[in-house]
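Descriptive analysis of the structure
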There are 2 protein chains.
Amino acid sequence: MTQLDHTDATGEQTPKLGRKRDHTRDADILDAALEVLAETGYDGMTIDMVASRAKAGKGTLYRRWASKGELVIDAVACMKNSDIDLSRLPDTGTLRGDLIATIKSRSIEDGEKKLQIMAGLASMLSRDPELAEAANAAIVEPRATVHRMLMLRAVDRGEISADSDIETLSHITPSMVAYRSLIQRKTVDRAFLVSLIDGVLLPAVGLAHQVPSRVG
Amino acid sequence: MTQLDHTDATGEQTPKLGRKRDHTRDADILDAALEVLAETGYDGMTIDMVASRAKAGKGTLYRRWASKGELVIDAVACMKNSDIDLSRLPDTGTLRGDLIATIKSRSIEDGEKKLQIMAGLASMLSRDPELAEAANAAIVEPRATVHRMLMLRAVDRGEISADSDIETLSHITPSMVAYRSLIQRKTVDRAFLVSLIDGVLLPAVGLAHQVPSRVG
DNA sequence: TATATACGATACTATTGAGTTCCGGATCTA
DNA sequence: TAGATCCGGAACTCAATAGTATCGTATATA
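Keep in mind it's a predicted model, so treat the numbers as computed, not measured. (Residues numbered from 1 in each chain as written. Chains lettered and ligands numbered in written order. Predicted model: local features only at pLDDT ≥ 70, side-chain atom pairs only at ≥ 80, totals over all residues. Heavy atoms only, no water.)

Right, let's talk about the protein's contact with DNA strand D for a bit. Around DNA strand D sit 27 residues in total, of which Arg25(A), Thr60(A), Arg63(A), Lys20(B) and Lys58(B) are the nearest. Here, DNA strand D places atoms within 4 Å of the protein, and 71% of those atoms are sugar or phosphate. Within the side chain of Arg63(A), an N or O atom sits 2.2 Å from a phosphate oxygen of DNA strand D. Taking Met45(B), its main chain carries an N or O atom lying 3.3 Å from a phosphate oxygen of DNA strand D. Residue assignment for the surface near DNA strand D shows that the elements contributing at least two residues are α3 (58–64) of chain A together with α3 (58–64) of chain B. A per-element tally of the surface near DNA strand D places α3(A) first, with three residues. (Near = heavy atom within 4 Å. Polar contact = N/O pair within 3.5 Å; in protein donor to acceptor, adjacent residues only side chain to side chain. Helix = DSSP H or I, 4+ residues; strand = E, 2+ residues; numbered from the N terminus.)

Chain A puts 36 residues into the contact, and the matching count from chain B is 36 residues. Taken together, the two surfaces of chain A and chain B that pack against each other cover about 2900 Å², and 61% of this comes from carbon and sulfur. Sorting the residues of chain A by area buried against chain B places Tyr179(A), Ile183(A) and Arg185(A) first, and these three jointly supply 18% of that buried surface. Our count for the contact surface shared by chain A and chain B stands at zero salt bridges. Our enumeration of links across chain A and chain B arrives at eight residue pairs in polar contact (both at pLDDT 80 or more). Those elements that provide at least two residues to the side of chain A that touches chain B are α1 (24–44), α6 (105–125), α7 (129–156), α8 (166–169), α9 (172–184) and α10 (190–204) of chain A. When residues in the side of chain A that touches chain B are grouped by element, the largest group, eight residues, is from α9(A). Partitioned by chemical class, the residues of the side of chain A that touches chain B number 17 nonpolar, 13 polar and six charged. (Contact = heavy atoms within 4.5 Å. Buried area = accessible area lost by both parts, 1.4 Å probe. Salt bridge = Lys/Arg side-chain N within 4 Å of Asp/Glu carboxyl O. Nonpolar A, V, L, I, M, F, W, Y, C, P; charged D, E, K, R; others polar.)

Here we take up the relation of the copies chain A and chain B. With an axial shift of 0.1 Å and an RMSD of 0.2 Å, the rotation relating chain A to chain B amounts to 179°. The transformation just described matches what one would write down for a two-fold rotation axis. Among all C-alpha atoms of chain A, that of Ala204(A) lies closest to the rotation axis, at 2.6 Å. Taken together, the interface assignments show that 100% of the residues at the interface of chain A recur at the interface of chain B, consistent with an identical surface on both copies. (Least-squares fit on C-alpha atoms with pLDDT ≥ 70 in both.)

So, on to the packing of helix α1 (residues 24–44) of chain B against helix α6 (residues 105–125) of chain B. Residue and element names in this part refer to chain B. Two elements in contact, α1 and α6, have axes whose closest approach is 7 Å; the angle formed by their N-to-C orientations is 30°. Taken together, the axis directions place α1 and α6 in an arrangement best described as roughly parallel. When you trace α1 past α6, the crossing you get is left-handed. Where α1 abuts α6, its residues Leu34, Glu35, Leu37, Ala38, Gly41, Tyr42 and Asp43 lie against Lys113, Gln116, Ile117, Gly120, Leu121, Ser123 and Met124. Across the contact of α1 with α6, the residue classes break down as seven nonpolar, four polar and three charged. (Axes fitted to C-alpha atoms, helices over the stretch in contact; angles between N-to-C directions. Parallel < 35°, antiparallel > 145°, perpendicular 65-115°, else oblique. Left-handed = near helix turned anticlockwise from the far one by under 90°.)

Residues and elements named next belong to chain A. Each assigned domain of chain A is listed here: domain 1 (6–77) and domain 2 (86–204). With centres defined by C-alpha atoms, the gap from domain 1 to domain 2 works out at 31 Å. Where domain 1 abuts domain 2, roughly 960 Å² becomes buried across the two surfaces, and 77% of that area is made up of carbon and sulfur atoms. In terms of surface lost to domain 2, no three residues of domain 1 exceed Tyr42, Ile73 and Val76, which account for 52% of the buried area on that side. The interface formed by domain 1 and domain 2 holds zero salt bridges in total. Inspection of the domain 1/domain 2 interface yields one residue pair in polar contact (both at pLDDT 80 or more). For the side of domain 1 that touches domain 2, the secondary structure elements donating two or more residues are α1 and α4 (68–78). With seven residues, the single largest contributor to the side of domain 1 that touches domain 2 is α1. When grouped by side-chain class, the residues that make up the side of domain 1 that touches domain 2 number eight nonpolar, one polar and two charged. (Domains from an automatic or database assignment.)

Listed below in structure tokens is the structure:
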């Protein structure tokens, strides 16, 4: 949810007289907030950092958001679906082909930044359910949704059994990527993602562990 | 310039005269630090909280650790292996039996607290490699090690193929547990852990997805 | 027993940062 | 054009907290 159109954070309304709020500044401020969030985490982030990065005055920020917390929630919520287009999923005819096709270097890079943001928010998630929901919807679910849809399509065409635990399996890659990046602190590269597909996901849906002979 | 000539946090020396340091207080302080860490996260944790929880003076803390950061690193490092005993792994004769046997309610509870601590540390991990290493060794690796050892034993007795990607698979459960608890904010219960074993791990090592007929 | 040091408790200092207010200048509506 | 409100910027208030110092007391060594 974005901030309200005609009122500011404190509930003030559009002025009948005088200059109107310049909403072209909103995106700059939210982008700056996400950058600072990724670099320093929620607690390390200061309003001054965000304001100066966006070349804005602090007053401009507080005219739009009542507090640092609301700014962060809005920033996280607004990055939803910035990089994933569900209407353009790969369709190669096989589940393995589709899964491999979702691996894009741009997708990996974009994912890394979102993971940094998630790490910076982690300690807040247990204290702010609204933030947790926004972070989940913006960072995590889009990734799982891609795999879920590809697997459901594989069920439809009879490639895999409908008994497969698709809900759990669709979260394997997002989970392992977050874990490897944030906790193990190893690089997430194509080889790792392919090994998840060939060593975990496909065997788990009954597509026997095939030595992947130059298919991907 | 520190005020202490004979002992200080960075280089303790036994005094030649006078009262000796009471090292029985150390564990209380470290335990208090872990509790506060789990409840409030690194940034939310204050030295006063830790001191009062441990019924200690702040001076007592600063006599032992030079800073908040060093106290936290020490606290995390000292909880290593507090709950897992690698010399007493289950041995039921089948991989499934062993994996199911590792599910204990006490293990789940203990894991939840460690996950809270990990969440509280998350934003620090990218800035402090020493802390990241301590957290990984204390919280994450012990869990993966159990699964790794059980799977290696299954290879030894010929139950599963040596081609299995055991290194990746051993991190599936720790990863999915962290993900479900911290990000999805769903409960981690026995049913979820069993579904990981039967729906992901066993199929992935070539033990066909069997409908688990009251075996566990 | 005298001395040095640890202890818990508390007061203190210095810094940081959220949020507010004010400035001079720009911009929009009446 | 005039007044209201925006803008970036900077100064300000106020609360929180890391870290230091001190007090009265307890305890171990010489």
